[in-house]
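Listed below, chain by chain, are the residues.
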Amino acid sequence: MLTVITSEVHPFHSAKEVLLRFTPNQANIPPSELELIGKGDGTFTAKGTYLSIPGNWQVQAVVRREGEFDAFGNFNFTLQKPGATSEAAGILRQTGLLILCLGLLCALFTLSIAVKPGLRLGAGIPATLLMIGLGVFYLARPIPVSTEQANPIPPNSESVAAGQAVFTVHCVSCHGETGKGDGPLGVVLNPRPADLSQHAIPGVHTDAQLYEWITDGFPGSAMPAWKSRLSDTDRWNLVNFIRTSAPRQ
């Protein structure tokens, strides 16, 4: 949400267009723009996935007015890597507490039963220390961090067209024009190139996974790494184009 006010601190209503322009400072990705919708009280809102790569970002607010120069406002900030979900953190804590409680129960049981001191020292106490140690380990274990990035380029017609151009030049010879893995070189490869129409089905793979295979190649296949030949933008555009090959329901 963006609030626009005049120099007299009154809500501004007469904007022709209000945009937010997102520019990552650490990746070879062009700026993306998001048009905001006015609510009539000086506030403008919109939703979208535009802050997707951890690192330094610049967000520029652009206010366009009839018969006036555009007004700009720049904001710089650092986007941290997302942490684990509360569910994952809760599971770690619950596991640690459960094992710790079992260790304490084991200690009480060892001290309460009448057995030979040698058996108590040789079995009961080591088992107790092991359980308590595991409990402390899970409680002190760092919470896992999710580093998978979202696709920073909207799958609009421009991106899909750019991805198709890249696909035609670099991918058709193996994957074929429709991505079925039946290109003139693909039919002689063993294993055959992937049928991209199946990998493009929503929910089968994330955009980040497809991007990683394009970037680093696919293990156990003839799929090469393209990170040194295609820019970040080209690879994300290619992901957006590959998505269009999914079978239509």
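Quick note: structure is the one above.
Every chain is numbered independently, its residues counted from 1 as its sequence is written. At least 70 in pLDDT is required for a residue's local features to be given in this predicted model, at least 80 for side-chain atom pairs to be given and counted, and no such filter applies to totals for whole chains, interfaces and linings, which use all residues. To obtain the side-chain values, all non-hydrogen atoms of the structure were included, while hydrogens and water were left out.

Caption draft 1: Structural context of the nonpolar core. Phe-167, Ile-214, Leu-230, Trp-236, Leu-238, Val-239 and Ile-242 are the most contacted members of the largest nonpolar core, which has 20 residues in total. Secondary structure elements follow DSSP: runs of H or I of four or more residues count as helices, runs of E of two or more count as strands, with numbering from the N terminus. Elements with a minimum of two residues in this core: helix 3 (157-170), helix 6 (207-216) and helix 7 (232-243). The leading source of residues in this core is helix 7, at five residues. We call a set of buried residues a nonpolar core when its members are Ala, Val, Leu, Ile, Met, Phe, Trp, Tyr or Cys and they connect through side-chain atoms within 4.5 Å of each other. Only protein chains enter the accessibility calculation, which uses a 1.4 Å probe. A residue is then buried if its area is under 20% of the maximum for its type, exposed if over 50%, and partly exposed in between. Core analysis: the second largest hydrophobic core is formed by eleven residues, Leu-20, Phe-44, Trp-57 and Val-63 among them.

Caption draft 2: Spotlight on the pattern of salt bridges. For this analysis, a salt bridge means a side-chain nitrogen from Lys or Arg found within 4 Å of a carboxyl oxygen belonging to Asp or Glu. Under the criterion given, the structure shown has four salt bridges. The salt bridge involving Arg-64 is made with Glu-17; its shortest N-O contact spans 2.8 Å. Of this pair, Arg-64 sits in strand 6 (residues 55-65) while Glu-17 sits in strand 2 (residues 15-24), and the two are 47 residues apart along the sequence. Look at Arg-64 and you get partly exposed, because its relative accessible area is 25%. The exposure class assigned to Glu-17 is partly exposed, which follows from its relative accessible area of 24%. The closest approach of N and O atoms between Arg-235 and Asp-232, which form a salt bridge, is 2.6 Å. Of this pair, Arg-235 and Asp-232 are both found in helix 7, three residues apart, which corresponds to roughly one turn of the helix. Comparing Arg-235 with Asp-232 shows no difference in burial state: the two are buried.

Caption draft 3: Spotlight on the environment of Arg-192. Mapped onto the elements of the fold, Arg-192 is located in the loop between helix 4 (172-175) and helix 5 (196-199). The partly exposed category is assigned to Arg-192, whose relative accessible area is 47%. As a C-alpha pair, Arg-192 and Lys-180 span twelve residues in sequence and 9.8 Å in three-dimensional space. When sequence neighbours within four positions are dropped, the list of residues in contact with Arg-192 reads Gly-181, Asp-182, Gly-186 and Val-187. Any pair of nitrogen or oxygen atoms within 3.5 Å is treated as a polar contact; in protein, a donor-acceptor pairing is required on top of that, and neighbouring residues in sequence qualify only through side-chain atoms on both sides. Engagement of the side chain of Arg-192 in a polar contact is seen with the backbone oxygen of Gly-181, the distance being 3.3 Å. Among the polar contacts listed, one links the side chain of Arg-192 to the backbone oxygen of Gly-186, at a separation of 3.4 Å. In this analysis, two residues are considered to be in contact whenever any of their non-hydrogen atoms come within 4.5 Å of each other.

Caption draft 4: Region of interest: helix 6. Burial in helix 6 covers these residues: Ala-208, Leu-210, Tyr-211, Trp-213, Ile-214 and Thr-215. In this structure, the buried residues of helix 6 make contact with helix 5 and helix 7.

Caption draft 5: Spotlight on the state of the cysteines. Throughout, disulfides are identified as pairs of cysteine sulfur atoms within 2.5 Å of each other. Counted by the stated rule, this structure contains zero disulfides. The closest cysteine sulfur to the non-disulfide-bonded Cys-171 is located on Cys-174, 8.4 Å from its own sulfur. In this structure Cys-171 comes out as buried when scored by relative accessible area, which is 10%.

Caption draft 6: Up close: the packing of aromatic side chains. Any Phe, Tyr or Trp ring, taking Trp's six-membered ring, that has another such ring centre within 6.5 Å forms a pair; planes under 30 degrees apart are called stacked, those over 60 apart edge-to-face, and the others tilted. Counted according to the given criterion, the structure contains three aromatic pairs. Considering the side-chain rings of Tyr-211 and Trp-236, the 4.0 Å spacing of their centres and the 10° angle between planes classify their relative orientation as stacked. Separated by 25 residues along the polypeptide, Tyr-211 in helix 6 and Trp-236 in helix 7 bring together distant segments of the chain. Under the relative-accessibility criterion, Tyr-211 is labelled buried at 11%.

Caption draft 7: Region of the structure containing the layout of surface pockets. Points on a 1 Å grid over protein atoms alone make up a cavity when a 1.4 Å probe fits among them but cannot get out, and a pocket when they form an open set with protein on both sides within 12 Å along at least five of seven lines; lining residues each have an atom within 4 Å of a point. Grid points are joined across faces, edges and corners, and a volume is the space filled by probe spheres set on the points. Of the voids in this model, the largest pocket is the one considered here, and its volume is about 490 Å³. Every residue lining the largest pocket is counted, 24 residues in all, and those nearest its centre are His-175, Ala-194, Leu-196, Phe-218 and Met-223. Of all elements in the fold, only helix 3, helix 4, helix 5, helix 6 and helix 7 reach the threshold of two or more residues within the lining of the largest pocket.

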